[in-house]
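So you can see what is in the structure, the chains are spelled out below.
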Amino acid sequence: MLQFLRFEKLEADNAEFNIISGYEAFKFFTKRFFYLILLPYATSFIAAIEPFVNSFFELWVYFLGAMITGIFILRFINYIIKYLKYKNGRILISQDSIKIFYKDDEILINAIDITYLEVNILSNLIIREKDKRTSFPIVLLTDEDRKKILSIFNDIAPRRTAFLKKIWDLFDALLVAFILAMHIREFIIQAYYIPTGSMEDTLLVGDHLMVEKITYGPVFPKIFNMEKPKHLDFIGLRGIERGDIVIFRPPDEEEKDFIKRCIAVQGDELHIENGYVYVNGQKIDEPYIKGTTSYRGFSKKRIEGIVPEGMVVVLGDNRENSFDSRGFGYLPIERIKGRAFVLYWNTEHIKNLDFSRYGLIR
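Bear in mind the structure is a predicted one, so any value in this text is a computation, not a measurement.

Caption draft 1: Broad picture of the overall build of the chain. Secondary structure summary: the chain contains six helices and 23 strands in total. Taken over C-alpha atoms, the radius of gyration comes to 31 Å for the chain, far larger than the 21 Å a tight globule of 362 residues would show. Reported as C-alpha extents along the three principal axes, the dimensions of the chain are approximately 100 × 45 × 35 Å. Here the chain holds 362 residues, and 44% of them are scored as buried. Side-chain charges in the chain split into 48 positive and 48 negative, and the spacing between the mean points of these groups amounts to 3 Å.

Caption draft 2: Main features of a nonpolar patch on the surface. Residues Val176, Leu180, Ile184, Ile188, Ile189, Ile214, Leu237, Phe341 and Leu360 make up a contiguous nonpolar surface patch of about 780 Å² in total accessible area. Locating Val176 in the fold gives a position in helix H4 (residues 158–187). On the basis of relative accessible area, Val176 is assigned to the partly exposed category, the value being 43%.

Caption draft 3: Up close: H4. With 30 residues, H4 should reach 44 Å at 1.5 Å per residue; the first-to-last C-alpha distance of 43 Å fits that figure. Every buried residue of H4 is listed here: Thr161, Ile179, Met182, His183, Glu186 and Phe187.

Caption draft 4: Geometry of the packing of aromatic side chains. The final tally for this structure, using the stated rule, is 23 aromatic pairs. Both rings, one in Phe29 and one in Phe76, keep their centres 6.1 Å apart while their planes meet at 80 degrees; by these two values the pair is edge-to-face. Placement of the pair is Phe29 in helix H1 (residues 22–47) and Phe76 in helix H2 (residues 56–86), with a sequence separation of 47 residues. The residues Phe29 and Phe76 share a single accessibility class, namely buried. Centre to centre, the rings of Phe187 and Phe220 are 5.7 Å apart; their planes meet at 20 degrees, and the pair counts as stacked. Of this pair, Phe187 sits in helix H4 while Phe220 is found in strand S12 (residues 219–220), placing the two residues 33 residues apart along the sequence. The exposure class assigned to Phe187 is buried, which follows from its relative accessible area of 17%.

Caption draft 5: Summary view of the packing of H1 against H2. In contact at an axis separation of 9 Å, H1 and H2 are set at 165 degrees when each is read in the N-to-C sense. Considered as vectors, H1 and H2 are oriented roughly antiparallel to each other. Relative to H2, H1 is oriented so that their crossing is left-handed. Taken together, the residues of the contact of H1 with H2 sort by class into 19 nonpolar, four polar and two charged.

Caption draft 6: Inspection of the pattern of salt bridges at higher detail. Inspection of the entire model under this criterion finds 21 salt bridges. Where Lys290 meets Asp201, a salt bridge forms, and the shortest distance between an N and an O atom there is 4.0 Å. Placement of Lys290 in the loop between strand S18 (282–283) and strand S19 (305–306) and of Asp201 in the loop between strand S10 (189–193) and strand S11 (207–212) is noted, with a sequence separation of 89 residues between them. Among the ionic pairs, Glu286 bridges to Arg319, the shortest N-O distance being 2.6 Å. Of this pair, Glu286 sits in the loop between S18 and S19 while Arg319 sits in the loop between strand S20 (311–315) and helix H5 (325–328), placing them 33 residues apart in sequence. With relative accessibility at 2%, the residue Arg319 sits in the buried group. Where salt bridges share partners, they join Glu50, Arg249, Asp257 and Lys337 into one cluster.

Caption draft 7: A look at the environment of Tyr62. Looking at where Tyr62 falls in the secondary structure, it is placed in helix H2. According to the relative accessible area criterion, Tyr62 is partly exposed, its value standing at 37%. Separated by 20 residues in sequence, Tyr62 and Ala42 place their C-alpha atoms 10.0 Å apart. Excluding residues within four positions of it along the chain, Tyr62 makes contact with Thr43, Ser44 and Ala47.

Caption draft 8: View of the nonpolar core. Counting residues in hydrophobic clusters, the biggest one holds 31 residues, and the most contacted among them are Ile91, Ile98, Leu125 and Ile149. For this core, the secondary-structure elements that each account for two or more residues are strand S2 (14–18), H1, H2, strand S3 (90–94), strand S4 (97–102), strand S6 (114–119), strand S7 (125–129) and helix H3 (143–152). If sequence neighbours within four positions are ignored, Ile149 has contacts with Phe17, Ile91, Ile93, Leu125, Ile138 and Leu141. Of all hydrophobic cores here, the second largest spans 14 residues; its members include Phe45, Ala48, Ile49 and Leu232.

Caption draft 9: Just the sheet that holds strand S16 (residues 269–273), in detail. With respect to topology, four strands assemble into an open sheet ordered S18-S17-S16-S19, the strand pairing being antiparallel. One side of each edge strand has no neighbouring strand; the edge strands of this open sheet are S18 and S19. Where S16 meets strand S17 (residues 276–279), four bridges bridge the pair, whose relative direction is antiparallel. Bridge pairing links Leu270 to Val279 in S17.

Caption draft 10: Structural detail: the side chain of Asn318. Note that Asn318 resides in the loop between S20 and H5. A polar contact is formed between the side chain of Asn318 and the backbone oxygen of Gly197, at a distance of 3.0 Å. Ignoring sequence-local partners within four residues, the contact set of Asn318 consists of Gly197, Ser198, Met199, Glu200 and Lys290.

Thresholds, definitions, all that
Residues numbered from 1 in each chain as written. Predicted model: local features only at pLDDT ≥ 70, side-chain atom pairs only at ≥ 80, totals over all residues. Heavy atoms only, no water. Helix = DSSP H or I, 4+ residues; strand = E, 2+ residues; numbered from the N terminus. Rg over C-alpha atoms; globule rule 2.2 N^0.38 Å. Buried < 20%, exposed > 50% of the residue type's maximum accessible area, 1.4 Å probe, protein only. Lys, Arg positive; Asp, Glu negative; His and termini not counted. Charge placed at Lys NZ, Arg CZ, Asp CG, Glu CD. Patch = residues over 30% accessible without salt bridge, like charges linked within 9 Å, V, L, I, M, F, W, Y side chains within 5 Å. Areas by Shrake-Rupley, 256 points an atom, 1.4 Å probe, with all protein chains shown as cover. Salt bridge = Lys/Arg side-chain N within 4 Å of Asp/Glu carboxyl O. Expected span 1.5 Å × (residues − 1). Phe/Tyr/Trp six-rings, centres within 6.5 Å; stacked < 30°, edge-to-face > 60°. Axes fitted to C-alpha atoms, helices over the stretch in contact; angles between N-to-C directions. Parallel < 35°, antiparallel > 145°, perpendicular 65-115°, else oblique. Left-handed = near helix turned anticlockwise from the far one by under 90°. Nonpolar A, V, L, I, M, F, W, Y, C, P; charged D, E, K, R; others polar. Contact = heavy atoms within 4.5 Å. Core = buried A, V, L, I, M, F, W, Y, C linked by side-chain atoms within 4.5 Å. Pairing = 2+ DSSP bridges. Polar contact = N/O pair within 3.5 Å; in protein donor to acceptor, adjacent residues only side chain to side chain.

Spelled out as structure tokens, the structure:
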């Protein structure tokens, strides 16, 4: 943000401001170093999640992230150079001059010779004279001193300064909100739309629902040369259970999400016979299904027997119109994104003022 200033007389004889040191300097550089770590992480994270990964927007995420990170790197390098130059330095502003002290040197600038001052994008105070200019890193002052030193000068263009500050504050707020929203979407809760009838009559075409990702623990996307996404099950509340309705990506499918019901978990013995599902020798009660359960239309019986470790069996409630574990086999737990939590919208039902189905999904 560029801010032009005019030198004014002081109420007191002089004002002195010292460059930060000790704990204040440590806090200043630690905070900005954290930003340098956060920005590349946020860029890689956002580029690796839906709907950005493998899309036109992925390139733009990397481009904008690299540009913002580059600006922060340049600013950080500038802070280090300025700190080394002005370490233990200070600026003294009197009624007729400005004195800058650094290392074993000092600069005297008479107030009468100053044409104007400005605060540049690197937060340096630029003091311009007729034939030269001098800079002082006011960013390396404490927050309180920085406000005081700016109050000594008069803003030549207050409207422009206020406008630029609003633009910066808006950009800063939107950037932080966007990064937080993407993490909430990936790790906590996400909205989904049902495009097919494979879960009828539990879920219908056009249903909008929320999927929570806390119960099983979130899945961290593949970034920084990771071989595959990592399921953070250690921070989950519990493992997947029979009857849970889950969102997942089937094996060898990387483009779209599926929603089905978990029928058997690792260690269970599963069989499908005479239109029914048997788990551990017992026919399970499934009042929610539509049609009968069989392998008709599927070439192989790939889910008969003991469910392997780290796997589950998922089936659609609409058994005669669902591509599920009967087709793609056992589902690896790490490919499960979350649990269907609440149904909140269906356009056709809203039009008819029917709210009977809305609420928690069972």
